[in-house]
Amino acid sequence: MDSCKPETKQTAEKQPQPTVTPLTSDFVFGDDRDFAQAHASTLVRTNDGNFLVAWFGGTHEKHDDVGIWLTKGNAGSFSRPVEVAKIREDAHWNPVLFKEASGSIILYFKVGKTIDNWETWWIRTTDNGATWSAPAELVAGDKGGRGPVRNKPITLADGTLLSGSSKETNRVWDAFIDRSTDNGQTWTKSDFLPLDRTAIEGEGIIQPTLWESAPGKVHMLLRSSAGAICRSDSEDGGVAWSPVYKTELPNPNSGIDVVKLPGGTLALAFNNTSGNWGSRSPLSLGVSTDNGLTWPTIVDIDKGTEEEEFSYPAIIQYGDTVAVTYTWKRQKIAFKSFLVKN
C-alpha cells in the first residue's frame, strides 16, 4: 500500500497547547529487594483502582537468574515484590500486562538465553493479581517471539486484538503485527513492515506501540536505530501497513510507549535524545492533539546526567490521567501519574 503519512503541518499550528500536571511520584519497591537490577516495566490498572506493575529482575539483564516480578498498589502503598514467573533457568524478559474486556489480566513475557531465540509465554489472573494460572506458550514451538514484544496490545473497534511485535536476528531488526480475532486464543503474524534500510540506517526498527484513531485506522510508533522515532499507518485494521518513515521526534534507540486518551489526544513516553545507542536521559512525556503529527507539549518525566538511565517507559490512561512506569538507573522501577488537559 502507499504511504499514508498524516496530513500536512499546516493544521498543527491551529492545535491547542495541551498542559501536563504532575500528580503522584513513587518507586514501586525500596532498597530491600531480592534482585540487584530491574528493567522493562509494565503496568495495568485493576478494577479496584490499584495498579499491577511487573518487570524483569535479577543479577543483570540476560543473566539466567532473571525472572518476572510483580507488585500491586498505588503511589505510597505498593506491596513487596513477588516473583510470579520463572519457567526455567534462562533469562526472562519484557513483561507486558494487558486487561481483557472481561476484566481478567494477562501477563505476557519472554524466556530465552538470547533475544533471537526467545519464546513468548503468558499467565492470567482473574482476581487482580492475587493468583495466576500456570504458564503456557503463546505460540507453541515458536522461537524469536510472537505477540507483544514490549508494549501493550490494543483492542480495535471491531474487537480484534493487535500486538506490536518485532524480531531481532544478528543485529537485523524488523517489526510486524500479531492479530487475534478470537480473544487471543490464536494469533496470525503479518509480514514484516516495509522498510527502506537506506533511509533507516543501523539495526532497524523494533517494539511497536499502537493506537487506533478511527475504526480500522491504526498507527504505530517504533523504536529505531536511525536517531528518530519511526512510524507506520494502516487503513484496514492493521492488515497492511505503509512503508516505515521517520517522525520529527528523536530516539536514542530506546523503548517508547504511547496511549490514546478520550477525545483522541495522544500521550507518548520517550527519551528526548537522539543518536543510535544515545543517552537515555531525559525521559519525557509528549502530548499530541493532531493524531501524532506534532507534539506541542513535551515535559520531562525524569532527568540526570547523560550517563544515567531513565528508560523503557510503559504508559496507560484512565480518564484524563496517565500513569507511567519506567526503569530508574537499572536499580528501581519508578511510578508517576499526570493530568493531561487540552
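Quick caveat: nothing in here was measured; it's all calculated off a predicted structure.

**Overview of the side chain of Thr247**
Considering the arrangement of structural elements, one finds Thr247 in strand β17 (residues 245-250). For Thr247, a relative accessible area of 18% gives the class buried. A polar side-chain atom of Thr247 sits 2.8 Å from the main-chain carbonyl oxygen of Ile229. A distance of 3.1 Å separates a polar atom in the side chain of Thr247 from the backbone nitrogen of Leu249.

**A few points about the sheet that holds strand β19 (residues 266-271)**
Taken together, 4 strands build an open sheet; the order of strands is β18-β19-β20-β21 and the sheet is antiparallel. Strands at the two margins of the open sheet, each flanked by one partner only, are β18 (257-260) and β21 (297-302). Pairwise comparison of adjacent strand axes, ignoring direction, gives a mean angle of 20° for this sheet. Direction of pairing for strand β20 (residues 283-288) relative to β21: antiparallel, over a ladder of 5 bridges. Its bridge partner being in β21, Gly286 is matched across the sheet by Ile298.

**Section: the sheet that holds strand β15 (residues 217-224)**
Strand order in the open sheet formed by 4 strands is β14-β15-β16-β17, with antiparallel pairing between adjacent strands. Single-partner strands in this sheet number two, and they are β14 (205-214) and β17. Each adjacent strand pair in this sheet contributes to an overall mean axis angle of 30°, direction not counted. In this structure, β15 lies alongside strand β16 (residues 228-234), joined through 5 bridges in antiparallel fashion. Each bridged residue has a counterpart across the sheet, and for His219 the counterpart in β16 is Asp233.

**Considering the nonpolar core**
Among the nonpolar cores identified, the biggest contains 22 residues, and Leu52, Ile68, Leu97, Leu107, Phe109 and Trp132 are the most heavily contacted of them. Every element with two or more residues in this core is listed here: β2 (37-45), β3 (51-58), β4 (67-73), β6 (92-99), β7 (105-111) and β8 (119-125). Examining the composition of this core, we find that 4 residues originate from one element, β7, more than from any other. In contact with Phe109, other than residues within four places in its own chain, are Ile68, Ala85, Ile87, His92, Trp93, Asn94, Pro95, Glu119, Thr120, Trp121, Trp122 and Ile123. Ranked by size, the runner-up nonpolar core spans 18 residues in total, among them Leu283, Ile315, Tyr326 and Val340.

**Let's talk about the environment of Val244**
Within the secondary structure, Val244 is located in the loop between β16 and β17. Exposure remark for Val244: the relative accessible area of 9% places this residue in the buried category. Considered as a pair, Val244 and Leu193 are 51 residues apart in the sequence and their alpha carbons are 6.9 Å apart. Beyond its immediate sequence surroundings of up to four residues, Val244 is in contact with Leu193, Pro194, Leu195, Ile205, Leu222, Cys230, Arg231 and Ser232.

**Describing the environment of Tyr318**
By the element assignment, Tyr318 lies in strand β22 (residues 310-318). Classification of Tyr318 as partly exposed rests on a relative accessible area of 21%. When the C-alpha positions of Tyr318 and Leu339 are compared, they lie 10.0 Å apart, and in sequence the two are 21 residues distant.

**Section: the environment of Ala323**
Within the secondary structure, Ala323 is located in strand β23 (residues 321-328). Using a relative accessible area of 0% as the deciding quantity, one classes Ala323 as buried. Residue contacts for Ala323: discarding those within four places in its chain leaves Leu43, Phe51, Ala314, Ile315, Ile316, Tyr318, Phe335, Lys336 and Ser337.

**Let's talk about the pairing of β8**
Burial of β8 is extensive: 5 of the 7 residues sit out of reach of the surface. With 7 bridges connecting them, β7 and β8 associate as antiparallel partners. Bridge pairing links Lys110 to Thr120 in β8.

**Here we look at the confidence of the model for the chain**
Per-residue confidence for the chain averages 95 on the pLDDT scale, and 95% of its residues sit at or above 70. For residues 7-12, every residue scores under 50 in pLDDT, and the model assigns this stretch 9 contacts once sequence neighbours within four places are set aside.

**A few points about the pattern of salt bridges**
This structure, assessed with the given rule, holds 22 salt bridges. A salt bridge links Arg197 to Asp174, with the shortest nitrogen-to-oxygen separation between them at 2.9 Å. Placement of Arg197 in the loop between β13 (188-189) and β14 and of Asp174 in strand β12 (residues 172-180) is noted, with a sequence separation of 23 residues between them. For Arg197, a relative accessible area of 32% puts it in the partly exposed group. Among the residues examined, Asp174 registers a relative accessible area of 16% and is labelled buried.

Calculation criteria
- Residues numbered from 1 in each chain as written.
- Predicted model: local features only at pLDDT ≥ 70, side-chain atom pairs only at ≥ 80, totals over all residues.
- Heavy atoms only, no water.
- Helix = DSSP H or I, 4+ residues; strand = E, 2+ residues; numbered from the N terminus.
- Buried < 20%, exposed > 50% of the residue type's maximum accessible area, 1.4 Å probe, protein only.
- Polar contact = N/O pair within 3.5 Å; in protein donor to acceptor, adjacent residues only side chain to side chain.
- Pairing = 2+ DSSP bridges.
- Axes fitted to C-alpha atoms, helices over the stretch in contact; angles between N-to-C directions.
- Core = buried A, V, L, I, M, F, W, Y, C linked by side-chain atoms within 4.5 Å.
- Contact = heavy atoms within 4.5 Å.
- pLDDT = per-residue confidence, 0-100.
- Salt bridge = Lys/Arg side-chain N within 4 Å of Asp/Glu carboxyl O.

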